[in-house]
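Structural overview
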Amino acid sequence: MDGTNTEIDATAIVTTYFDEQLAKARAEAEKANAKLAEAEQEAAAFAERQELPPAVGAMKQGWEVASWVSDRATRIAKDAIDGKATREQYGQAKEERAAVFAWLEANGYEVPAPFKS
């Protein structure tokens, strides 16, 4: 210390810590709320026009949906192996995957070859 007789208010410093934590959490919540609003808009647009949102970067949005439906079928297949899902549920997931791929192609979206195997 430099010899000055000032007292440090530890409570105020700890309060600052919590203020910073709250600000950080609020910023994260704002980002999450913005992402949620965007997803809700995309879902509403799809329900209204039966179109996927615009392409992101160089990839057509069809790739993202093809990946999601394939991952979903894979998760259900693993669940069927583990006894958490039935063979019928897996069969349904495979049929749903094929139906989504057909819908994508019928609506002008690309289904990449790796997803078709």
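Rules behind the numbers
- Residues numbered from 1 in each chain as written.
- Predicted model: local features only at pLDDT ≥ 70, side-chain atom pairs only at ≥ 80, totals over all residues.
- Heavy atoms only, no water.
- Helix = DSSP H or I, 4+ residues; strand = E, 2+ residues; numbered from the N terminus.
- Buried < 20%, exposed > 50% of the residue type's maximum accessible area, 1.4 Å probe, protein only.
- Contact = heavy atoms within 4.5 Å.
- Areas by Shrake-Rupley, 256 points an atom, 1.4 Å probe, with all protein chains shown as cover.
- Expected span 1.5 Å × (residues − 1).
- Polar contact = N/O pair within 3.5 Å; in protein donor to acceptor, adjacent residues only side chain to side chain.
- 1 Å grid on protein atoms, 1.4 Å probe; cavity = no way out; pocket = protein on both sides within 12 Å on 5 of 7 lines; lining within 4 Å.
- Points joined across faces, edges and corners; volume = space filled by probe spheres on them.
- Nonpolar A, V, L, I, M, F, W, Y, C, P; charged D, E, K, R; others polar.
- Core = buried A, V, L, I, M, F, W, Y, C linked by side-chain atoms within 4.5 Å.
- pLDDT = per-residue confidence, 0-100.

Our focus in this paragraph is the overall build of the chain. Tallying secondary structure elements over the chain gives 4 helices and 0 strands in all. Counting from the amino terminus, the chain carries its helices and strands in the arrangement α-α-α-α. Taken over 117 residues, the chain has a buried fraction of 17%. Relative to all contacts within the chain whose residues are 6 or more apart in sequence, the contacts with residues 24 or more apart total 52%. Carbon and sulfur atoms provide 56% of the accessible area of the chain, an area that totals close to 9,300 Å².

Helix length check: helix α1 (residues 10-49), at 40 residues, gives a terminal C-alpha distance of 58 Å against a target of 58 Å (1.5 Å per residue), a fit within 8%. With a side-chain oxygen positioned 3.1 Å from the backbone nitrogen of Thr 11, the residue opening α1 is Asp 9. Note on α1: the residue one or two positions beyond its end, Gln 50, has a positive phi of about 55°.

Looking at the secondary structure, you find Arg 97 in helix α3 (residues 87-106). With residues near it in sequence (within four places) discarded, Arg 97 still touches Val 69, Ser 70, Ala 73, Phe 115, Lys 116 and Ser 117.

The rolling of a water-molecule-sized probe over the atoms marks out the regions of remaining empty space. Here the largest pocket defines a volume of roughly 310 Å³. What lines the largest pocket is a set of 13 residues, and nearest its centre among them are Phe 46, Leu 52, Pro 53, Gln 61 and Val 65. Within the residue set of the lining of the largest pocket, elements represented by two or more residues are α1, α2 (61-81) and α3. By residue class, the composition of the lining of the largest pocket is 10 nonpolar, 1 polar and 2 charged.

Leu 52, Ala 66, Val 69, Phe 101, Leu 104, Tyr 109, Val 111 and Phe 115 form the largest nonpolar core, which has 8 residues in total. When residues of this core are traced back to their parent elements, those giving at least two are α2 and α3. Apart from the residues within four sequence positions on either side, Phe 101 is in contact with Ala 66, Val 69, Ser 70, Val 111, Phe 115 and Lys 116.

Along the chain, the position of Ser 70 falls in helix α2. What makes Ser 70 buried here is its relative accessible area of 8%. For Ser 70, the contacting residues outside a window of four places in its chain are Arg 97, Phe 101 and Phe 115.

What follows is about the confidence of the model for the chain. Looking at the chain, the pLDDT average stands at 87 and 90% of residues meet or exceed 70. Within the chain, the lowest mean pLDDT, 85, falls on helix α4 (residues 113-116), and the highest, 93, falls on α1.

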